[in-house]
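# Survey of secondary and tertiary structure
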Amino acid sequence: MAAALIGCAVHALGEVDSTQSHLAALAAQGAPEGTVVTARHQTRGRGRRGRAWWDRSGESVLLSVLLRPSLPAGRAVVISLVAGVAVAEALGVAAGVAARLRWPNDVLVADRKVAGILAEAQSETDGHLGHVLLGIGINVNQERFPDEVGDRATSLRLATGRAHDPGRLLDAVLDALDRRYREFLTHGFGPAREAWRRLSASLGQRVTAADGRQGTAVELDEDGALVLRGDDGALHRVLAGELGEGHHAARH
Ligand code: BTN
């Protein structure tokens, strides 16, 4: 096998504000594609939509990966979908759980969130992606969560009843990401899209978009948009960031 692209350099930190911020500084200094930053604990971990990402030291896998795909800026969502597939596959291999994906990129076990993905893209003036900071947080050995997230979050330990080795999980995630990202560079989004559909917890579910549109999720489009069939039978495309909070209607 060719030498791994993802993980060509790994910066393993104890405590950091956010692996995303640390990697952003390395990216600005010209770090190569595939550079990874991991930490045992983040003091200012960030999630999607400006939310915080909580962890207790040593209980999670926390990593950020530097990617430099040659893509139009609006296509960054596809990268996070590819990453979701890789994380779900890694959790199957290393922890033996059947993870599912909630659009755009929450990783669920038994209907609760076990991992989150945050793709922060920097676009160039020509409308292409400069780089993507792909952040992944996996709840591994937590036995409880803060009240705010307690009823929606889980950890691999809670889901399986046993402790897991974060180092082994990190290796499995880097392996799966390397395979899926190379496949994406060579063959485009098609193969990961197929895998995403198979792993999807969203397709077939009723969802609510942030603008109030409701419908059943019927398809993942080739550009990563989620297609809803509304109550009037019409199809609507929803772009990342456009689903309402707790967007599976069944979870309201
Ligand atoms: C989400 O909101 O679901 C995305 C969470 C992403 C969290 C990870 S943890 C490692 C990386 N560093 C951060 O500050 N955030 C991401």
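Shown above is the structure to which this text applies.
Notes on the structure in this doc start here. (Residues numbered from 1 in each chain as written. Predicted model: local features only at pLDDT ≥ 70, side-chain atom pairs only at ≥ 80, totals over all residues. Heavy atoms only, no water.)

### Here we look at the overall build of the chain
In terms of regular secondary structure, the chain is built from five helices and 12 strands. Over its C-alpha atoms the chain spans a radius of gyration of 17 Å, differing by no more than 12% from the 18 Å that the globule rule assigns to 252 residues. The principal-axis extents of the C-alpha atoms in the chain amount to approximately 50 × 45 × 35 Å. Considering the chain as a whole, with its 252 residues, one finds that 49% of them fall into the buried category. Total accessible area on the chain is roughly 11,400 Å²; 48% of this is exposed by carbon and sulfur atoms. Both charge centroids of the chain, one from 29 positive and one from 30 negative side chains, sit 3 Å from each other. (Helix = DSSP H or I, 4+ residues; strand = E, 2+ residues; numbered from the N terminus. Rg over C-alpha atoms; globule rule 2.2 N^0.38 Å. Buried < 20%, exposed > 50% of the residue type's maximum accessible area, 1.4 Å probe, protein only. Areas by Shrake-Rupley, 256 points an atom, 1.4 Å probe, with all protein chains shown as cover. Lys, Arg positive; Asp, Glu negative; His and termini not counted. Charge placed at Lys NZ, Arg CZ, Asp CG, Glu CD.)

### A word on the pattern of salt bridges
Under the counting rule described, the total for this entry stands at 16 salt bridges. Note that D106 and K113 form a salt bridge whose closest N and O atoms lie 3.0 Å from each other. For D106, a relative accessible area of 9% gives the class buried. A salt bridge links R197 to E194, with the nearest nitrogen and oxygen atoms 2.4 Å apart. Residue R197 and its partner E194 are located together in helix α5 (residues 190–199), separated by three residues, close to a single helical turn. (Salt bridge = Lys/Arg side-chain N within 4 Å of Asp/Glu carboxyl O.)

### Let's talk about the site of the ligand
Within the structure, the ligand sits among 20 residues, and S18, Q42, R46, R48 and K113 are positioned closest to it. Within the side chain of Q42, an N or O atom sits 2.8 Å from a nitrogen atom of the ligand. Here R46 contributes a backbone N or O atom positioned 2.7 Å from a nitrogen atom of the ligand. About the coverage of the ligand: the protein hides 98% of its 420 Å² of free accessible area. Elements represented by at least two residues in the shell around the ligand include exactly α1 (19–28), β3 (60–67), β6 (112–123) and β7 (129–139). Element by element, the count of residues in the shell around the ligand is highest for β6, at four residues. Split into classes, the residues belonging to the shell around the ligand amount to six nonpolar, 10 polar and four charged. (Near = heavy atom within 4 Å. Polar contact = N/O pair within 3.5 Å; in protein donor to acceptor, adjacent residues only side chain to side chain. Nonpolar A, V, L, I, M, F, W, Y, C, P; charged D, E, K, R; others polar.)

So far we have only geometry, and geometry alone does not tell us how the molecule works.
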